[in-house]
Amino acid sequence: MKWQQGDRRGNIDDRRGSSGGQRIAFGGIGGIVILLIAWMCGADPSLLLNQIATEQTTQVNEQGEYQSTPEEDRLMDFSDVVLTSTYQVWSELFKQQGKTYTDTKLVVYTGGTQTQGCGQGLAQYGPFYCPADQTVYLDLSFNRELSTKFGAKGEFALAYVIAHEVGHHIQNLLGVMEQTNAMRQRMSETEYNKISVMTELQADFYAGVWAHYANEYSKVELEYNDILEGMRAAEAVGDDHIQESAQGYSNPESFTHGTSEQRAYWFKKGYDTGDMDAGNTFNDRSLQ
């Protein structure tokens, strides 16, 4: 993935070191997995959280300013390029359909931060999108988890994650999230989990659509090996893979994001077709 020559819009709100509270080392899905394992082994998860928080050192200087590492600086630059690339791609695709694309921004934080309409965002939730403020939230420590805990190696893994969250923004602009939130009010948890899976898989599809056009509409250069990295990243965060790693088995009724196979399939379909209209997961009978 050649990204250094990509454009940068600086549409990032850097809140590192200003989130308040202790930083938790195990962000994203990895934190949930580790706490679940602790609970299954008879340990008190709160004790583990306290231990983790106590062991963390705050990256601030004597003036109380956050001290970024060279690796974090690189990831910030990388995230800016990827987010800008998604803006360039989706602006063009919306324009082709006679629509106007409303940009999303990225909040980078450590440990936790307050959203505007979605409550408190925490690193252990993993990267997420808040439709109320149309913003993607990311703790950069999740990039390390992608490689060390989930085995999703390569730079494109984080690009896939950002593009997936931007995919939720696309759903929000198209009114999909409003419809699915309305369904939540009249469905059981098991029934709504299926809707959640369809929603997440469509965001994977949109991430693939972005990858399809990245070379054409932005200065990011992707090769097919990058797409394979994206597929492996999608597989790594499949519900079945995560549950089996944590407890030795999986429960399909509790799936909220889709299996590894499904996530890789829909990302690849988005990349192969480049057609926004080909990603209606809600009409896929295999998901109903």
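Presented here is a report on the structure given in the accompanying data block. Keep in mind that this is a model prediction, so the values were computed, not measured.

This part takes up the overall build of the protein. Looking only at helices and strands, the protein has 10 helices and 6 strands in total. A buried classification covers 49% of the 288 residues belonging to the protein. Here the contacts in the protein between residues at least 6 apart in sequence split such that 74% fall between residues at least 24 apart. Only carbon and sulfur atoms are counted for the fraction: they give 47% of the accessible area of the protein, which is about 13,600 Å².

Looking at the secondary structure, you find Ser85 in helix α3 (residues 70–96). Judged by relative accessible area, Ser85 falls into the buried class, the value being 1%. Beyond its immediate stretch of four places on either side in the chain, Ser85 contacts Trp210, Ala214, Ser218 and Val220.

Applying the stated criterion to the full structure yields 1 disulfide. Disulfide partner of Cys118: Cys130, at an S-S distance of 2.1 Å. Disulfide Cys118-Cys130: the torsion about the S-S bond is 90°, which places it as right-handed. Pair noted here: Cys118 is in the loop between β3 (112–114) and β4 (120–122) and Cys130 is in strand β5 (residues 128–130), with a separation of 12 residues, a long-range link. Given the relative accessible area of 34%, Cys118 is considered partly exposed. We classify Cys130 as buried; its relative accessible area is 0%.

Cut-off values and rules
- All chains use their own residue numbering, which begins from 1 and follows the written sequence.
- Confidence filtering applies because this is a predicted model: local features only for residues at pLDDT of at least 70, side-chain atom pairs given and counted only at 80 or more, and all residues used for totals across whole chains, interfaces and linings.
- Excluded from the side-chain calculations are hydrogens and water; all other atoms, namely the structure's heavy atoms, are used.
- Going along the chain from the N terminus, every DSSP run of H or I of four or more residues is numbered as a helix, and every run of E of two or more is numbered as a strand.
- Partly exposed residues are those whose accessible area sits between 20% and 50% of the maximum for their type, while under 20% is buried and over 50% is exposed, using a 1.4 Å probe and protein chains only.
- The contact criterion used is simple: two residues touch if any of their non-hydrogen atoms lie within 4.5 Å.
- For the area figures, the Shrake-Rupley method with a 1.4 Å probe applies, and any residue is considered shielded solely by the protein chains shown.
- Sulfur atoms of two cysteines make up a disulfide when they are within 2.5 Å.

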